[in-house]
Amino acid sequence: MGTNVQSFAVANLRRRPVVVEVGGFVVGVDPSTTSPFINYATPLPGARPTGRDVAALIDAFRERGLKPRLEFAPDAAPAVEAALSEAGFTVEEVHEYLVCTPATLTMPPTLGELASASTSTSASASRSSASTSASASASASASGTASAATSADAQYGWFRVESPDTDAEYRAIDAALAEAFSGVFASSPEGAARLRRTEDDGGAVRFVRASEGGCAGAAMCSAPAEGTAELAGVGTRPAFRGRGIAAAVTAALAETMFAREARSVWLEYSGDGSRRVYERVGFRPEGTRLYMSLEPVEEVDSPTGG
């Protein structure tokens, strides 16, 4: 699966507004931002870069005022990490990625399924309470437990996952994700435009509307390439967490990509809590991705004679 994910990474970066290919690497650049999380490079599967190749890669970033940075699946290009390390790159993070297929996708229950389950539970409790007063007491206790469990699990079905249409909705999603990720990036017109471009380019953005308007939580998925698609930016505003929004938008996006003939959807997670959310809807561990970057060299003033 590593090669599949890496081939996707190459194809996805080639969709950027500016693309530079040098020494077995593809650099994707969006001139509207200097963010290293948007402007980065990835190697071609099986790349074996020389020192000269890596130097040319560094120049491609620096001549644009960008930080040299890469994201890649190391098992698809085993020689790359050592070549980058020799040039001074360091590892930022190693992320495990999870993969979902049509066979593993588990959709959250619909509102109708939840209502049916609730009706069935209520009817069962009523029959039990009618048998004897002793069983009625036990039944009441069991009914309370079942209702609590149903309510917790049923939160998936109490809201609608939507596709944005208006500029206001894209701005609200961008603002909600900025809040969800605690200021890692600022909400901006450019961010909203990138979300719309994701939809326009064959990907998908899905969100749950907040009760007071705006966006409670959202996620996006790139257009499929090489038989797979990357799901990213899953975020829920703090006030709306714990209600199943992340699971709902994740499952909805995976279902959308499968309808567009993707054979798999993959994502990276940030902690055990988010991993459990993704596993509940059918994502399974498959491999790792490596993030490496080159910090700027500090200039040292030359000593002056006296």
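Refer to the structure presented above.
Residues numbered from 1 in each chain as written. Predicted model: local features only at pLDDT ≥ 70, side-chain atom pairs only at ≥ 80, totals over all residues. Heavy atoms only, no water.

Caption draft 1: Region of the structure containing the pairing of strand 5 (residues 90-100). Bridge count for strand 5 against strand 11 (residues 284-293) is nine bridges, and the pairing is antiparallel. Residue pairing for strand 11: L98 is matched across the bridge by P285. (Pairing = 2+ DSSP bridges. Helix = DSSP H or I, 4+ residues; strand = E, 2+ residues; numbered from the N terminus.)

Caption draft 2: Layout of unusual backbone geometry. At E226, a residue that is not glycine, the phi angle is positive and equals roughly 55°. On the basis of relative accessible area, E226 is assigned to the partly exposed category, the value being 47%. For E261, which is not glycine, the phi dihedral falls at a positive 75°. Considering the arrangement of structural elements, one finds E261 in the loop between helix 8 (245-259) and strand 10 (264-268). (Buried < 20%, exposed > 50% of the residue type's maximum accessible area, 1.4 Å probe, protein only.)

Caption draft 3: Structural context of helix 8. Here helix 8 spans 21 Å end to end across 15 residues, near enough to the 21 Å set by a 1.5 Å rise per residue. Of the residues flanking the end of helix 8, it is E261, one or two places downstream, whose phi is positive at about 75°. (Expected span 1.5 Å × (residues − 1).)

Caption draft 4: Main features of the side chain of E162. Along the polypeptide, E162 turns up in strand 6 (residues 161-162). By relative accessible area, which is 13% here, E162 ends up buried. At 2.7 Å, the side chain of E162 forms a polar contact with the side chain of R209. Apart from residues lying up to four places away in sequence, E162 is in contact with V205, R206, F207 and R209. (Polar contact = N/O pair within 3.5 Å; in protein donor to acceptor, adjacent residues only side chain to side chain. Contact = heavy atoms within 4.5 Å.)

Caption draft 5: Summary view of a nonpolar patch on the surface. Together, F37, F181, V184 and F185 line one region of the surface with nonpolar side chains, adding up to about 380 Å² of accessible area. Position of V184 relative to the elements: it lies in the loop between helix 6 (167-180) and helix 7 (189-200). With relative accessibility at 58%, the residue V184 sits in the exposed group. (Patch = residues over 30% accessible without salt bridge, like charges linked within 9 Å, V, L, I, M, F, W, Y side chains within 5 Å. Areas by Shrake-Rupley, 256 points an atom, 1.4 Å probe, with all protein chains shown as cover. Salt bridge = Lys/Arg side-chain N within 4 Å of Asp/Glu carboxyl O.)

Caption draft 6: Just the nonpolar core, in detail. Judged by nonpolar contacts, the single largest core of 30 residues is most densely connected at C221, L231, V234, M257, V265, Y278 and F283. Only strand 5, strand 7 (204-209), strand 8 (215-221), strand 9 (228-236), helix 8, strand 10 and helix 9 (272-280) provide two or more residues apiece to this core. Here this core gets nine residues from one element, more than from any other, and that element is helix 8. With sequence-adjacent residues up to four places away left out, V265 is seen in contact with L98, V99, C100, C221, T228, A229, L231, A254, M257, F258 and F283. By size, the runner-up hydrophobic cluster in this structure holds 23 residues, among which are V22, F61, A77 and L294. (Core = buried A, V, L, I, M, F, W, Y, C linked by side-chain atoms within 4.5 Å.)

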